[in-house]
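Chains, contacts and geometry: an overview
What follows is each chain in one-letter form.
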Amino acid sequence: MRTDRTLVFGVETSCDETSCAIVADGREVVADTVAGQVDLHARFGGVVPEIASRAHIEAINPAIERVLSESGVAPEDLAAVAVTHEPGLIGSLLVGLMAAKTLAWAWGKPLIGANHVCAHAYAAAIDDEPIDYPATALIVSGGHTALYRCESPTELELLGSTIDDAAGEAFDKVASMLNLGFPGGPAVDKAAREGDPRAIDFPRSLLKGQSLDFSFSGLKTAVLYHVNGVPGAVRDVPPAGPGAGRCAENMSPQELGDVAASFQQAVVDVLRIKLRRAAEQTGARTLILGGGVAANTALREALTELASKLGATLRMPKMRYCLDNAAMIAGLGYHHLRAGRTDDLSLEARATVRG
Ligand code: KG4
Ligand code: ZN
């Protein structure tokens with residue numbers, strides 16, 4: 001093991017993935033492991049916080065041991081321990097934070113608290129080239145949908161965010177309406193490949209003026225009414241598009257595909273339009289995409305096209321680093337360390353972040 005590299009140990013437990021990683025110099029993944037909990041939550045159709053935190057408790061020690069043994073790195077060669085401490089499910093965050101504090105204390109290394117959303121905005125640099133700053137970042141996940149101006153990996157200014165649901169949450173709800181299973185995003189993505197994105201004209205909520213905020217609750221309701229029918233609607237009102245008001249069980253695979261594709265197109269259109277607005281406001285030549293929804297095929301294609309129209313460089317994480325992972329936490333931790341920003345053992349977990 002070369003010793004001239006700065007090795008950071010990362011821990012991520014903010015939602016339903018227990019992940020540990022060792023990253024060198026902020027970008028090179030030496031070892032990483034992600035233990036998901038999909039099987040535990042699937043029958044509830046969403047993440048159950050109590051089940052998630054209990055599963056993290058069981059998975060965290062094996063994850064730590066695995067990363068250490070796979071990497072061959074000795075704790076004394078590490079420069080710091082970075083951990084997601086905000087935002088996320090509080091019970092889940094606490095498990096990772098306690099583990100990271102224990103490691104930092106036992107190994108005598110600095111502790112670094114990382115913001116989960118900022119880490120998603122850095123994920124495109126993991127196992128890839130450095131990002132050219134300044135940049136405009138679009139972060140779309142199960143819990144967040146927001147735009148940022150980024151001066152560096154650690155300096156982000158919020159430009160706009162969702163006023164109701166996150167984009168990933170809308171994907172999960174629509175998948176559940178269509179009986180496509182959990183987690184919903186990949187299932188809608190797959191079903192949409194068989195459908196026509198122009199089949200149903202679902203609403204695109206752009207909000208007033210040049211707003212950089214998002215709203216997906218109207219779209220979600222429109223899909224619900226399309227699938228189950230409008231409550232109390234008079235029957236002679238023509239249904240909106242093929243398959244409308246038929247309930248998912250009665251819809252053909254083609255009709256399901258059309259709803260999935262049309263819903264996905266509505267989300268992608270809004271995200272593309274808002275990212276374009278934000279990029280025009282910041283003037284930054286780099287666009288960053290991050291978060292679980294960054295794995296979406298249609299979104300990746302649409303933003304690739306947008307970047308080429310704008311003459312900008314689009315940075316997207318590799319598939320593995322779109323979803324929650326500790327490599328992005330260790331990577332971001334490296335930049336905090338370089339900037340001289342470390343925390344002590346009083347670091348707190350925060351479910352939400354103000355301001
Ligand atoms: O970033 P992430 O792992 O967790 C949060 O920080 O929230 O994102 C998870 C979200 C889920 O809502 C999931 O349905 C969505 O990302 N997702 C996708 C795809 N893969 C995951 N959404 C759309 N298309 C996908 N291929
Ligand atoms: Zn996330």
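Residues numbered from 1 in each chain as written. Chains lettered and ligands numbered in written order. Predicted model: local features only at pLDDT ≥ 70, side-chain atom pairs only at ≥ 80, totals over all residues. Heavy atoms only, no water.

1. Observations regarding the pairing of strand β3 (residues 28-36)
Selection criterion: When DSSP finds at least two bridges between two strands, those strands are taken to pair. The helix and strand labels rest on DSSP assignments: H or I over at least four residues marks a helix, E over at least two residues marks a strand, and numbering proceeds from the N terminus.
One ladder, built from eight bridges, connects strand β2 (residues 17-24) with β3; its direction is antiparallel. Along β3, the bridge assignment pairs Glu17 with Gly36.

2. Observations concerning the domain arrangement of the protein chain
Selection criterion: Throughout the structure description, domain borders are defined by an automatic or database domain assignment. Should any heavy atoms of two residues lie within 4.5 Å, those residues are considered in contact. A simple way to read buried area is as the amount of 1.4 Å-probe accessible surface that goes missing from two parts once joined, with both sides added. The term salt bridge refers to a side-chain nitrogen of Lys or Arg lying within 4 Å of a carboxyl oxygen of Asp or Glu. Two N or O atoms form a polar contact when they lie within 3.5 Å of each other; inside protein one atom must be a possible hydrogen donor and the other a possible acceptor, and for residues adjacent in sequence the pair counts only when both atoms belong to side chains.
Per the domain assignment, the segments making up the protein chain are domain 1 (7-128 + 321-338) and domain 2 (135-317). Averaged C-alpha coordinates put domain 1 and domain 2 at centres separated by 28 Å. Across the boundary between the two partners, domain 1 contributes 23 residues, which contact 19 residues of domain 2. Contact between domain 1 and domain 2 buries roughly 1600 Å² in total, counting both sides, with carbon and sulfur atoms accounting for 77%. Taken together, domain 1 and domain 2 are joined by one salt bridge. In this structure, Asp128 and Arg315 form a salt bridge, with 3.8 Å as the shortest nitrogen-oxygen distance. The tally of links between domain 1 and domain 2 comes to three residue pairs in polar contact (both at pLDDT 80 or more). Within the residue set of the side of domain 1 that touches domain 2, elements represented by two or more residues are α1 (38-41), α4 (116-122) and α10 (326-338). With six residues, α4 is the single largest residue contributor to the side of domain 1 that touches domain 2.

3. Quick look at helix α3 (residues 90-107)
Where we set the bar: Expected helix span is given by 1.5 Å per residue-to-residue step, counting one fewer step than there are residues. Burial classes: relative accessible area under 20% of the type maximum marks a residue as buried, over 50% as exposed, and values in between as partly exposed (1.4 Å probe, protein chains only).
Compared with an ideal rise of 1.5 Å per residue, which puts 18 residues at 26 Å, α3 spans 25 Å between its outermost C-alpha atoms and is within 8% of the ideal. Buried within α3 we find Ser92, Leu93, Val95, Gly96, Leu97, Ala99, Ala100, Lys101, Leu103 and Ala104. One or two residues past the end of α3 sits Gly108, with phi positive at roughly 70 degrees.

4. Let's talk about the packing of helix α8 (residues 253-282) against helix α9 (residues 297-310)
Selection rule: Every angle, taken between N-to-C directions, lies between 0 and 180 degrees, and every axis is a line fitted to C-alpha atoms, over only the stretch in contact when it is a helix. In these notes the angle categories are as follows: under 35 degrees is roughly parallel, over 145 is roughly antiparallel, 65 to 115 is roughly perpendicular, and the rest is oblique. A clockwise turn of the near helix away from the far one marks a right-handed crossing, whereas an anticlockwise turn of less than a right angle marks a left-handed crossing. Residues are grouped as follows: Ala, Val, Leu, Ile, Met, Phe, Trp, Tyr, Cys and Pro are nonpolar; Asp, Glu, Lys and Arg are charged; all remaining types, including Gly, are polar.
For the pair α8 and α9, interaxial distance at closest approach is 10 Å and the crossing angle is 30 degrees. Considering their axes alone, α8 and α9 lie roughly parallel with respect to each other. In this structure, α8 meets α9 at a crossing whose hand is right-handed. Facing α8, whose interface residues are Gln264, Val268, Leu271, Arg272, Leu275, Arg276, Ala279 and Glu280, α9 presents Ala298, Leu299, Ala302, Leu303, Leu306, Lys309 and Leu310. Grouping the amino acids of the contact of α8 with α9 by side-chain chemistry returns ten nonpolar, one polar and four charged.

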